[in-house]
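# Per-entry structural report
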Amino acid sequence: MPYSYEPHYFEEMDVGKTFESAGRTITEADFVTHSMLTGDWTELHTNTEYAAEGPYGERIAHGPMTFIMATGLVQRCGFVERTVIAFLGMNYMDIPNPLFVGDTITATFEVTDRRELESRDDAGLVVIDADVRNQDGDCVFAGDMKFLFKRQS
């Protein structure tokens, strides 16, 4: 599936439509910035010596950071640019495998639901499933994202 960098309106978001992101390598700066922004300095994420003796043998990304990286990959695809009014939440989120400094992630996004809203004539609800994988093909994030997409004029 080719990358898409074009905005899409509600009417264009057919169930089954997919998008693929470009890749992104996770850096030390990502870990530090996330900790600084959130104030979460849990040692599993920030202390190399402590994490080396833990279950993963090294530091892992914060779970919420993995989700945030997924939202960044949505933005990189471009289909939400200037057409999404709001992120409305999620029905589920799974983080089945850890994310490490040096991992390169890519994502596939699939439209799984599109609904008219009685309360709005300028927008509709679109649910998009996200599947984020590392360079080895391991899933590091799976979840759905609910967006309010503008209608075409």
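What this report covers is the structure whose coordinates are included nearby. (Residues numbered from 1 in each chain as written. Predicted model: local features only at pLDDT ≥ 70, side-chain atom pairs only at ≥ 80, totals over all residues. Heavy atoms only, no water.)

### Remarks on the overall build of the protein
Put simply, the rule is: Note on conventions: DSSP H or I runs of at least 4 residues are helices, E runs of at least 2 residues are strands, and numbering of each starts at the N terminus. Between two residues, a contact is recorded if the distance between any of their heavy atoms is within 4.5 Å. For every accessible area listed, the method is Shrake-Rupley and the probe measures 1.4 Å; residues are considered covered only by the protein chains on display. When charges are counted, Lys and Arg contribute as positive and Asp and Glu as negative, whereas His and the chain ends are disregarded. To locate a charge, take atom NZ for lysine, CZ for arginine, CG for aspartate or CD for glutamate.
When its secondary structure is counted, the protein shows four helices and seven strands. Along the chain direction, N to C, the helices and strands of the protein fall in the order β-β-α-α-α-α-β-β-β-β-β. Referenced to the eigenvectors of the C-alpha coordinate spread, the extents of the protein come out at roughly 55 × 30 × 25 Å. Taking as baseline every contact in the protein between residues at least 6 positions apart, the subset at least 24 positions apart corresponds to 70%. Counting only carbon and sulfur atoms, one obtains 49% of the accessible surface of the protein, whose full area is about 8,200 Å². A gap of 8 Å separates the mean positions of the 12 positive and 26 negative side-chain charges of the protein.

### A look at the pairing of strand β7 (residues 139-150)
The condition is simple: Residue burial is assigned from relative accessible area. The probe radius is 1.4 Å, only protein chains are included, and a residue is buried under 20% of its type maximum, exposed over 50%, and partly exposed in between. Should DSSP find at least two bridges between two strands, the strands are taken to pair.
Of all twelve residues making up β7, eleven are buried, and the element is well covered by its neighbours. Pairing of strand β4 (residues 93-94) with β7, which is carried by two bridges, proceeds in the antiparallel orientation. Considered in β7, the bridge of Met-93 is made with Gly-143. When strand β6 (residues 123-133) meets β7, the two strands line up antiparallel, connected through eleven bridges. Bridge pairing in β7 links Ile-128 to Met-145.

### Things to note about the pattern of salt bridges
In plain terms, the rule: One side-chain nitrogen of Lys or Arg within 4 Å of one carboxyl oxygen of Asp or Glu is enough to make a salt bridge.
If you walk through the whole model with that rule in mind, you get eight salt bridges. A salt bridge links Arg-114 to Asp-14; the shortest N-O distance between them is 3.3 Å. Residue Arg-114 is found in strand β5 (residues 104-115), and its partner Asp-14 is found in the segment before β1 (18-20); the two are separated by 100 residues along the sequence. Of the residues examined, Asp-14 reaches a relative accessible area of 41% and is grouped as partly exposed.

### Concerning the nonpolar core
General note: in soluble globular proteins, nonpolar side chains tend to be found buried as a group. Our working rule: As used here, the term nonpolar core means buried Ala, Val, Leu, Ile, Met, Phe, Trp, Tyr and Cys residues forming a set that is joined through side-chain atoms within 4.5 Å.
Counting 29 residues, the largest nonpolar core has Phe-79, Phe-109, Ile-128 and Phe-149 as its most contacted members. Elements that contribute at least two residues to this core include exactly α4 (63-77), β5, β6 and β7. With residues near it in sequence (within four places) discarded, Phe-79 still touches Glu-6, Pro-7, His-8, Met-13, Phe-19, Val-74, Phe-109, Ile-128 and Phe-149.

### Some points on the packing of aromatic side chains
Stated precisely, the cut-off is as follows: Think of it this way: a Phe, Tyr or Trp ring, Trp meaning its six-membered ring, pairs with another when their centres are within 6.5 Å, and the plane angle makes it stacked under 30 degrees, edge-to-face over 60, tilted otherwise.
On inspection of all chains with the given rule, the structure shows six aromatic pairs. Note on Phe-67 and Phe-87: the rings are 6.3 Å apart at their centroids and 45° apart in plane angle, and the pair reads as tilted. Here Phe-87 lies in strand β3 (residues 84-89) and Phe-67 lies in helix α4, a separation of 20 residues in the sequence. Taking relative accessible area as the criterion, Phe-67 reaches 17% and is therefore assigned buried.

### With respect to α4
Keep this limit in mind: What a helix is expected to span follows from its residue count: subtract one and scale by 1.5 Å.
If you check α4, its first and last C-alpha atoms are 22 Å apart, about what 15 residues at 1.5 Å a residue would give, namely 21 Å. Among the residues of α4, Met-65, Thr-66, Phe-67, Met-69, Ala-70, Leu-73, Val-74 and Cys-77 are the ones counted as buried. Following α4 by one or two positions, Gly-78 has its phi on the positive side, about 90°.

### A short note on helix α1 (residues 28-38)
Short version of the rule: Here the arc refers to the set of directions running from the helix axis out to each C-beta atom.
All buried positions along α1 are accounted for by Asp-30, Phe-31, His-34 and Ser-35. Summarising the axial view, the buried residues of α1 lie within an arc of 125°, below the 170-degree limit, and thus occupy one face. Seen from the open side of α1, the exposed residues pointing more than 90 degrees away from its buried face are Met-36 and Leu-37. Where α1 ends, the next residue or the one after it, Gly-39, has phi of about 80°, a positive value.

### Here's the deal with the state of the cysteines
Definition in use: The rule for a disulfide is simple: a pair of cysteine sulfur atoms within 2.5 Å.
A full pass over the atoms with the stated rule returns zero disulfides. For Cys-77, which is in no disulfide, the shortest distance to another cysteine sulfur is to Cys-139 and amounts to 16 Å.

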